[in-house]
Amino acid sequence: MLIAAIPLLTLLRQPARGAAARAQFIELINDELGLAAALLGTLFVMWGVPVADPLAAIVVATIIAINAIGLFRENLSILLGRAPEPQVMDAIRQAVLSTPGVCSLHNLRAELIGPETVHTVLHIEVQRGLTIEAADAIATEVKARIHRLTNYGFCTIHVDPEGSQPPQTLHDPRTGELITGEPA
Ligand SMILES: [Zn+2]
């Protein structure tokens, strides 16, 4: 129990814990609980109360199961690609529109692929007649600005000439229903 407590004390001294550190922290607490149950069970068996051993095991198993459900619920929405907070979406929109050379944006989609990592897909419109090099430079700058906001997640940018955006139609993957994209 003392040896298992050493990494626990190290983690306790960290002020901010990420998702992996939090999972490790709960895992170490579960270890301590398991060892405590074994110790108590052994002592009670020694004192002639053998039923205390399975009882201690049931109590600890319940605590571990509750911890596991908590961790699972906390991480489920992130693993399933939840959309970032509206403030993050607004910040992305603002960062894109403030980039020199960007006339407008449409079809902005974003999903979380980690606790703070965002996968962003969007279309930008640039002035007609620009060279590919100039349009590419604008897209690269947009990407850099989004990366500064979203912890270096993935970002895909499609460049359109100004005013050419066709009416976007998509099929809902679940219902097969036709849905219209976000207007420019
Ligand atoms: Zn487009």
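Residues numbered from 1 in each chain as written. Predicted model: local features only at pLDDT ≥ 70, side-chain atom pairs only at ≥ 80, totals over all residues. Heavy atoms only, no water.

## Thoughts on helix α4 (residues 86-97)
- With 12 residues, α4 should reach 16 Å at 1.5 Å per residue; the first-to-last C-alpha distance of 16 Å fits that figure.
- Buried residues along α4 sit in contact with β1 (102-112), β2 (118-126) and α5 (132-149). (Helix = DSSP H or I, 4+ residues; strand = E, 2+ residues; numbered from the N terminus. Expected span 1.5 Å × (residues − 1). Contact = heavy atoms within 4.5 Å.)

## Things to note about the side chain of His123
- As for its position among the elements, His123 is in strand β2.
- On the basis of relative accessible area, His123 is assigned to the buried category, the value being 17%.
- Among the polar contacts listed, one links the side chain of His123 to the side chain of Asp160, at a separation of 3.3 Å. (Buried < 20%, exposed > 50% of the residue type's maximum accessible area, 1.4 Å probe, protein only. Polar contact = N/O pair within 3.5 Å; in protein donor to acceptor, adjacent residues only side chain to side chain.)

## As for the coordination of the zinc ion
- Looking at the zinc ion, the protein donor atoms are His106 (NE2), His123 (ND1) and Asp160 (OD), and they sit 1.9 to 2.1 Å from it.
- Within one chain, the residues donating to the zinc ion are spaced in sequence as H-x16-H-x36-D. Highlighted residues: His123 in strand β2 and Asp160 in strand β3 (residues 155-161), separated in sequence by 37 residues. The residues His123 and Asp160 share a single accessibility class, namely buried. (Donors = N, O, S within 2.8 Å, 3.2 Å for Na, K, Ca; no water.)

So yeah, pure geometry; function would need other evidence.
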